[in-house]
Amino acid sequence: MKMDSELLHSPAMCLAEEEEADTSDWNLPLAFMKKRHSEKIEGSKALAQSWRMKDRMKTVSVALVLCLNVGVDPPDVVKTSPCARLECWIDPLSMSPQKALETIGANLQKQYENWQPRARYKQSLDPTVDEVKKLCTSLRRNAKEERVLFHYNGHGVPRPTVNGEIWVFNKNYTQYIPLSVYDLQTWMGSPSIFVYDCSNAGIIVKSFKQFALQREQELEVAAINPNHPLAQMPLPPSMKNCIQLAACEASELLPMNPDLPADLFTSCLTTPIKIALRWFCMQKSAKLVPGVTLDLIEKIPGRLNDRRTPLGELNWIFTAITDTIAWNVLPRDLFQKLFRQDLLVASLFRNFLLAERIMRSYNCTPVSSPRLPPTYMHAMWQAWDLAVDICLSQLPTIIEEGTAFRHSPFFAEQLTAFQVWLTMGVENRNPPEQLPIVLQVLLSQVHRLRALDLLGRFLDLGPWAVSLALSVGIFPYVLKLLQSSARELRPLLVFIWAKILAVDSSCQADLVKDNGHKYFLSVLADPYMPVSITQSEHEKTESACLQGNLIAICLEQLSDPHPLLRQWVAICLGRIWQNFDSARWCGVRDSAHEKLYSLLSDPIPEVRCAAVFALGTFVGNSAERTDHSTTIDHNVAMMLAQLINDGSPVVRKELVVALSHLVVQYESNFCTVALQFMEEEKNYPVPSPPCNLTPVRDSPAIPRLRSVNSYTNIRAATTARNLNKSLQNLNLNEEGGPVTFSPGNLSTSSSASSTLGSPDNDEYILSFETIDKMRRVSSYSSLNSLIGVSFNSVYTQIWRVLLHLAADPFPEVSDLAMKVLNSIAYKATMNARPQRILDSGSLTQSAPASPTSKGAHIHQWFSPMPSASSSSLTNEVPKPPTRGAPHSHQFPRTRKMFDKGPSGSEQAGDDADDPGGHKAYMNANLSTGLCDWSAKYFAQPVMKIPEEHDVESQVRKEREWRFLRNARVRKQSQRITSTPSTPASPCVFCSFWDWEKAERLDYFYNGNPRYTRITAMEYLNGHDYSLLLTATDDGALRIWKNFADQRNPEMVTAWQGLSDMLPTTRGAGMVVDWEQETGLLMTSGDVRVIRIWDTEREMKVQDIPTGADSCVTCLSCDSQRSLIAAGLGDGSVRLYDRRMGANECRVMTYREHSSWVVKAHLQKQTDGKIISVSVDGDVRFFELRSPDSVNVLQTVKGLTALDIHPQANLFACGSMNQFIAVYNSNGDVISNIKYYDGFMGQRIGAISCLAFHPYWPHLAVGSNDYYMSIYSAEKRLR
């Protein structure tokens, strides 16, 4: 709603304190504003999930190539004195050269084994070229498609050459022999990882890339030229999957600081904690930690893999910090490849981040391929320094005095930072840096509960948050936690898993594989646990859950007070026995279907919908039927049929799908019923209801129909093609001429005008008019002539239900029902008429099914049925296309409908097994998306404050502005509260005008059939976000939004408010009255009851018998006193108390009027009277406790309309004699408005409706000549 800037900044908006305290608008409930009304019933769009590694690998072989030549320095390196000497933390000069070499090799292997103990390690100490070749080819052969690591230490050989060569030795160690990286690539293959610890190592990385590019070019040439030598050889693997880690750039030398190890790069990669602590002690800041020396560091207690010890905790913190830095700096796909694909590669790259930090401080830049962004200055390194500082400060007392180790506050502080991000941040922001740390905290029992709580709150932010958490690698952690028996974790884990499964349902396979579903079964069976949600749709899940006694557990929860649990328990039951006969019979033994019946009357529409879904899949099982199962199906079907007039379209849509399952199971029986109905419809002339509307083409006042969103809104054509097709479907009238076109003639919505009947059909066999006529025929005639159908009453009743649903006022419901009806109609007519069967070009026959079978299927080749009028539908079936094949045998016209046809040379197989058949086609296309839409609840934020309650949100601000505007208007009209209302308007269009500017804002077609008319309209939520209710004389109610703001109007909901109403020209149609305070809608009209609907529950709550034989012409209710006043066509005014029983609720009857009551108004004050007026013009005032009127006023004769001002002491009468009179309650005439002739005269037609403005002294008048006039007590300024 657009705000009027003048009004918003008006001084009048500065209300007094008492006005600001006016909370009447805030206390009023809003109707039809739930998610089921505001969004489409469909699942959330699946996000592309990249977290699950498709090519997960592991490093299975490691080649350790050490070229040290202990005691002999290479010629191109000039070492300082003293110089770095330690290799793998061993001084090679402290023992004999050979022993030193072997010890260093053994130590290096142990260091790598800390990260990958299961790999196969091979050492090659001071090797020759042949030894390296033999080693590499052997490891590649054994590794097959897995990864191989090649570690090269070249501290005892010359630096790499610009030609791409590294150095090894000859056999006698008298020469350095070059080894080409190109050859190394060939021997190692792919995937591989290379570690180069030598000076100028960046040269090797560059050469490696050049050689890899050269290989690709050679392969391209070989692919073009078959004579190329490479064309005859097997394709070598691509080098794209190879990873390289080099100690320094191409122009850099390794550090020679004597306090550092010579293999500083290797130390960082394989012993990161040890080198990090030493480096920390070498910094100036270490002086702040007294008593810590390099010797003391060697004595730090604990083991790396024990998180309870100082060393283990440091390792744990280091892993969390390096993971966090990588996740925050690296692109997501690169992070997945390097840190989640391979455990050893992930460890090496985490340690590589440390190498970059340490070696850069010595002017040495490690290089990687793929190259990483710089990370050495990341802020998380300061958190690492603090953790090291806290740990080392305790070392002297721990070692010397044996005091207990105090654990680091690192993880608690990071969780606090994560919590701050969750609570203090704005919505559009960068992801939290601490997410990988939260992952690590899950390993700690101390912080696990808090971490899970924060993680659940993060996942609740939306699907993007779930995707982020999965990309970090949370899945294996929360899967492992399902093995925990801690009860306090249960609600948190259930919530987290609900979020994960709602976003990525593929995780269900992992859940069943690891028996994780048993965890949720135990939670569901625990009576002391909070609400838990179970969703089972994976193939193996059904049998696994059946073994876990899921059905019995769910049945016990059906009466749970929490509606969300009831809804999901029903969905879970429907899922488990969907096409799973064992589960169905398990449910039969537990009387599951009977226990589900109670949910069909649940106050929550979503729960009713879930119950219908469960019962639909219960009868939709494809297994063979026994007499017992058939009886159960019939009982379920008749219970479902009771929901035919449910107030919620989502329930009725699910009802159509549920009944379609039954139709598929008993297809042949329904074919018989369908043919009988079509014959009855053809032979039984039903006169079309008379229509008092002026033909559209002769009406200057009704504008050309503007297209609107037909699928989501109303049944109307949106394109010329669909409009023309719809016109072709129209029936002929009784004189044989075409019916006058009006929007009601449109047979179907454009969304459902294809793919009905046969799979390639482009038209409905049964038009909307045909089905509507058939529906009325079924209520006029008794179909006792059905033969050969067992339980014909069940099939007949279900067919009637589907006919009723095909005429549903909500288009999506009627579209689904039309699909079912037309599918059976197509099947029935095809089975009853001669056919051609074409199968692979050969002449075959297909016999229709027997009555006891599930019915034959429609083959794909059938031609579309041309549109036919309802009178000729079953007389003639067009011939299928011949396609050059001879005509098959003609069945005699007198044969039985389901008789077997003549057998051909190749009898067609059982159609029930035809996967491309009609049955499978109808099943595949009939669904409502209920389960996916229900799951979307968990994909969206559930803990977030709703926008309307968030004081800073735009929605809240707009509501405040509307309520302040309302308060201002109330103040200027003596602060008398009232709810706006709208007069009735008998038409099929709705138009909206700005009465101050005399401009039409919008108009749209209401969607009711052409022989019906709108007889009542009401504003719902008039104080806030207005909705428009329209009531038509066929008993249908429709709710619209966006009806007057130049946007396409959208139908929010629609339902059959009154059943068995037949439109007539002499009746009152449908009359309504709306109570905003209670959300109750009173409906009546040409029926003998007053039906009360609860719009919150979307269900009928009460039927009050009128006790009269005439129609109800008007309704007025008072929510404070629970009273309803009704004016009737026989002149009586009746008062009802809805708190009393059906036989006692009529508390008073006034019979003083002698003719049709035009209006009966019940004043809403505590002692309010009833004011009523009849066509004769007599206005009577009744005290509620007095049987006689207390005052009588005589107004104009031939009165057609009356309205009473809600605030002022006024009422206005309109006459068919072109006359309007305004009176006060004493009967004094305030004003007369008559017809005036003359050039300047004001034209007044026969008055059809009147309405006062709810607050101002303005009167709107509508007349039969299509004019509207607005009169005011104030003179208009021009």
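The name given to the protein chain in an unreviewed UniProt entry is Raptor N-terminal CASPase-like domain-containing protein, with the source organism recorded as Oncorhynchus tshawytscha. Comment text from UniProt for the protein chain, heading Sequence similarities (unreviewed entry), reads "Belongs to the WD repeat RAPTOR family."

Moving on: the overall build of the protein chain. Scanning the protein chain from terminus to terminus reveals 39 helices and 35 strands. Taking all 1278 residues of the protein chain together, 56% fall into the buried category. Partitioning the contacts of the protein chain with sequence separation of at least 6, the portion at a separation of at least 24 is 68%. Counting every atom, the protein chain has about 56200 Å² of accessible surface; 51% of that belongs to carbon and sulfur.

With that settled, the discussion passes to the environment of Met 1099. Tracing the backbone through its elements, the reader meets Met 1099 in strand 20 (residues 1099-1105). The exposure class of Met 1099 is buried, given its relative accessible area of 15%. Taking the C-alpha atoms as reference points, Met 1099 and Gly 647, separated by 452 residues in sequence, lie 4.9 Å from one another. Apart from the residues lying within four places of it in its own chain, the contact partners of Met 1099 are Ser 601, Asp 602, Pro 603, Arg 608, Ile 1092, Trp 1093 and Asp 1094.

What links the strands of a sheet is backbone hydrogen bonding, and the strands pair in either a parallel or an antiparallel sense. The strand order across the open sheet formed by four strands is 17-18-19-20, and the pairing between neighbours is antiparallel. Each edge of the open sheet carries a strand with a single partner, namely strand 17 (1070-1075) and strand 20. Each strand axis lies, on average, 20 degrees off the axis of its neighbour in the sheet, ignoring direction. By the bridge criterion, six bridges tie strand 19 (residues 1089-1094) to strand 20 in an arrangement that is antiparallel.

Moving on to the pairing of strand 5 (residues 176-180). Summarising the sheet, strand 4 (residues 165-169) and strand 5 pair through five bridges and their orientation is antiparallel. Within strand 5, the position partnered with Phe 169 by the bridge is Tyr 176. The antiparallel hairpin formed by strand 4 and strand 5 contains six residues in its connecting segment, where Tyr 173 sits at a positive phi of about 60 degrees.

Checked against the element boundaries, Arg 278 lands in helix 10 (residues 272-282). Setting aside chain neighbours within four positions, we find Arg 278 in contact with Trp 89, Asp 259, Leu 294, Ile 297 and Glu 298.

One open sheet accounts for four strands, arranged 25-26-27-28; its pairing is antiparallel. If you trace the sheet from one side to the other, it starts and ends with strand 25 (1157-1162) and strand 28 (1189-1194), each paired once. Neighbouring strand axes in the sheet, compared pairwise and without regard to direction, differ in orientation by 15 degrees on average. Both strand 26 (residues 1170-1174) and strand 27 (residues 1178-1182) contribute to a ladder of four bridges, which runs antiparallel. Residue pairing in the sheet places Val 1173 in a bridge with Val 1179 of strand 27.

Our focus in this paragraph is the packing of aromatic side chains. To describe a pair of aromatic rings, you give the distance between the ring centres and the angle between the ring planes. All chains considered together, the criterion is met by 31 aromatic pairs. Summarising the aromatic geometry, the rings of Phe 169 and Tyr 176 are spaced 5.8 Å apart at their centres and angled 45 degrees between planes, so their arrangement reads as tilted. The class for Phe 169 is buried, based on a relative accessible area of 2%. Ring centres of Phe 410 and Phe 411 lie 5.0 Å apart, and the angle between their planes is 80 degrees; this geometry places the pair in the edge-to-face category. Grouping residues by exposure puts Phe 410 and Phe 411 together as buried. Every member of this aromatic cluster is reached through a ring pair, and the members are Phe 265, Phe 335, Phe 339, Phe 349 and Phe 352. The ring of Trp 585 carries Arg 584 above its face, with NZ or CZ at 5.8 Å from the centroid.

The next subject is helix 7 (residues 181-188). Listed as buried for helix 7 are Val 181, Leu 184, Gln 185, Trp 187 and Met 188. Elements that come into contact with the buried residues of helix 7 comprise helix 6 (129-143), strand 3 (147-153), strand 4, strand 5, strand 6 (192-197) and helix 8 (202-224). Where helix 7 begins, one side-chain oxygen reaches toward the backbone nitrogen of Tyr 182, 3.1 Å away; that side chain belongs to Ser 180. Just downstream of helix 7, Gly 189 is the residue with a positive phi angle, here 70 degrees.

Take the side chain of Glu 252 next. As for its position among the elements, Glu 252 is in the loop between strand 7 (243-246) and helix 9 (264-270). Buried and unpaired, Glu 252 has no salt bridge, with Arg 360 as the nearest side chain of opposite charge at 7.5 Å. Excluding residues within four positions of it along the chain, Glu 252 makes contact with Ser 199, Asn 200, Asn 363, Cys 364 and Thr 365.

Analysis parameters
Residues numbered from 1 in each chain as written. Predicted model: local features only at pLDDT ≥ 70, side-chain atom pairs only at ≥ 80, totals over all residues. Heavy atoms only, no water. UniProt positions renumbered as here; feature names shortened; annotations may be inferred. Helix = DSSP H or I, 4+ residues; strand = E, 2+ residues; numbered from the N terminus. Buried < 20%, exposed > 50% of the residue type's maximum accessible area, 1.4 Å probe, protein only. Contact = heavy atoms within 4.5 Å. Areas by Shrake-Rupley, 256 points an atom, 1.4 Å probe, with all protein chains shown as cover. Pairing = 2+ DSSP bridges. Axes fitted to C-alpha atoms, helices over the stretch in contact; angles between N-to-C directions. Phe/Tyr/Trp six-rings, centres within 6.5 Å; stacked < 30°, edge-to-face > 60°. Lys NZ or Arg CZ within 6 Å of the ring centre and 35° of its normal. Polar contact = N/O pair within 3.5 Å; in protein donor to acceptor, adjacent residues only side chain to side chain. Lys, Arg positive; Asp, Glu negative; His and termini not counted. Salt bridge = Lys/Arg side-chain N within 4 Å of Asp/Glu carboxyl O.

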